Amino acid sequence: MSDLMLLALLVGLFVVSHELLSHPLRGPLVARLGEKGFAVVYSLVALASFGGAVQLWRQMPKERLWDTPAGAYIPALAAMLVACIFFVGSVSAPNPAMMPGVKGEPKGLQRITRHPMMWSMAIWAGVHIMMTADPRTIVLASGVGVLALFGTVMQDGKKKAQNPAYAAHMARTSHFPFLAIVGGRQPWSAIWPGLVPVLGGLLLWFLILWAHPMLIGVPAAGWSYFQ
């Protein structure tokens, strides 16, 4: 078996096990093991699959399937800035999609998408697939992207089944970014995510660009513009 095939199997195991443990298997396992026991099992499975995938990714040689156009660097930087703003926005306001019992009108990034964290991961995956053109990164990032976008659909279904009031939250928001604003379910003023997500996202974006060579071993695409 090639390293790339093994990497694909590990990434696939991570995605499938995450969805199974987060949805159909969570209830039975919590009933048998308790919340702490379930957390241990969940963490061990994630560490074995995703941790193993990352370790294998580090050991594999870097390749390129295509040459990234020079004009793609600025859009990639902009997309990663959006991803960072989405991520900070996802952790700076309580979100009914992530936390039980959260009520009230959608706030901040939730008015743009009810899954800002997952969309930040999906944007990260898309940017890295396009910019690296590296088979090992394509496999790893594709797994993250599929997990983020498919997981949100599963999450919406579970939340709606558990709490009928979540349907009202879904009706006021959109899965796809900005669709609720375009569709009139949120005002056009909602396109501004708030000062904390924007400033925090800018800081996170710059820190990622700066630390990328130390953490990954190569400069982030477009880092040369800041040097």
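Structural data are supplied above this passage.
Note that the structure is predicted; figures quoted are calculated from it, not measured.

Colleague: Lay out the overall build of the chain in plain terms, naming residues and giving numbers.
Modeller: Looking only at helices and strands, one finds eight helices and zero strands in the chain. Helices and strands appear in the chain in the N-to-C order α-α-α-α-α-α-α-α. Expected size for 227 residues packed as a compact globule is a radius of gyration near 17 Å; at 19 Å, the chain falls within 12% of this value. Seen along its three principal axes, the alpha-carbon backbone of the chain occupies a region of about 50 × 45 × 25 Å. Burial analysis of the chain (227 residues in total) assigns 41% to the buried set. Within the chain, contacts between residues separated by at least 24 positions form 72% of all contacts whose residues are at least 6 apart in sequence. Entry remark: accessible area of the chain is about 12,300 Å², with carbon and sulfur atoms responsible for 73%.

Colleague: For the pattern of salt bridges, give the residues involved together with the corresponding values.
Modeller: Tallied over the entire structure, the rule returns three salt bridges. Of the charged contacts, one joins Glu 35 and Arg 26 as a salt bridge, the two residues approaching to 3.3 Å between their closest N and O atoms. Owing to a relative accessible area of 48%, Glu 35 belongs among the partly exposed residues under this scheme. What makes Arg 26 partly exposed here is its relative accessible area of 32%. A salt bridge links Asp 156 to Arg 114, with the nearest nitrogen and oxygen atoms 3.0 Å apart.

Colleague: Give a description of helix H1 (residues 3-22) that names residues and reports values.
Modeller: Between its first and last C-alpha, H1 extends 28 Å over 20 residues, near the 28 Å set by a 1.5 Å rise per residue. Inspection of H1 places Leu 7, Leu 10, Val 11, Phe 14, Val 15, Ser 17, Glu 19, Leu 21 and Ser 22 among the buried residues, and these make up the whole buried set. Where the residues of H1 are buried, they touch helix H2 (26-59) and helix H5 (135-162).

Colleague: Describe H2, naming the residues involved and giving the relevant values.
Modeller: Here H2 is 34 residues long, yet its end C-alpha atoms lie only 33 Å apart, well below the 50 Å a rise of 1.5 Å per residue gives. Regarding H2, the residues found buried are Val 30, Phe 38, Ser 49, Ala 53, Leu 56 and Trp 57. Close packing links the buried residues of H2 with H1, H5 and helix H8 (195-216).

The rules behind these values
- Residues numbered from 1 in each chain as written.
- Predicted model: local features only at pLDDT ≥ 70, side-chain atom pairs only at ≥ 80, totals over all residues.
- Heavy atoms only, no water.
- Helix = DSSP H or I, 4+ residues; strand = E, 2+ residues; numbered from the N terminus.
- Rg over C-alpha atoms; globule rule 2.2 N^0.38 Å.
- Buried < 20%, exposed > 50% of the residue type's maximum accessible area, 1.4 Å probe, protein only.
- Contact = heavy atoms within 4.5 Å.
- Areas by Shrake-Rupley, 256 points an atom, 1.4 Å probe, with all protein chains shown as cover.
- Salt bridge = Lys/Arg side-chain N within 4 Å of Asp/Glu carboxyl O.
- Expected span 1.5 Å × (residues − 1).

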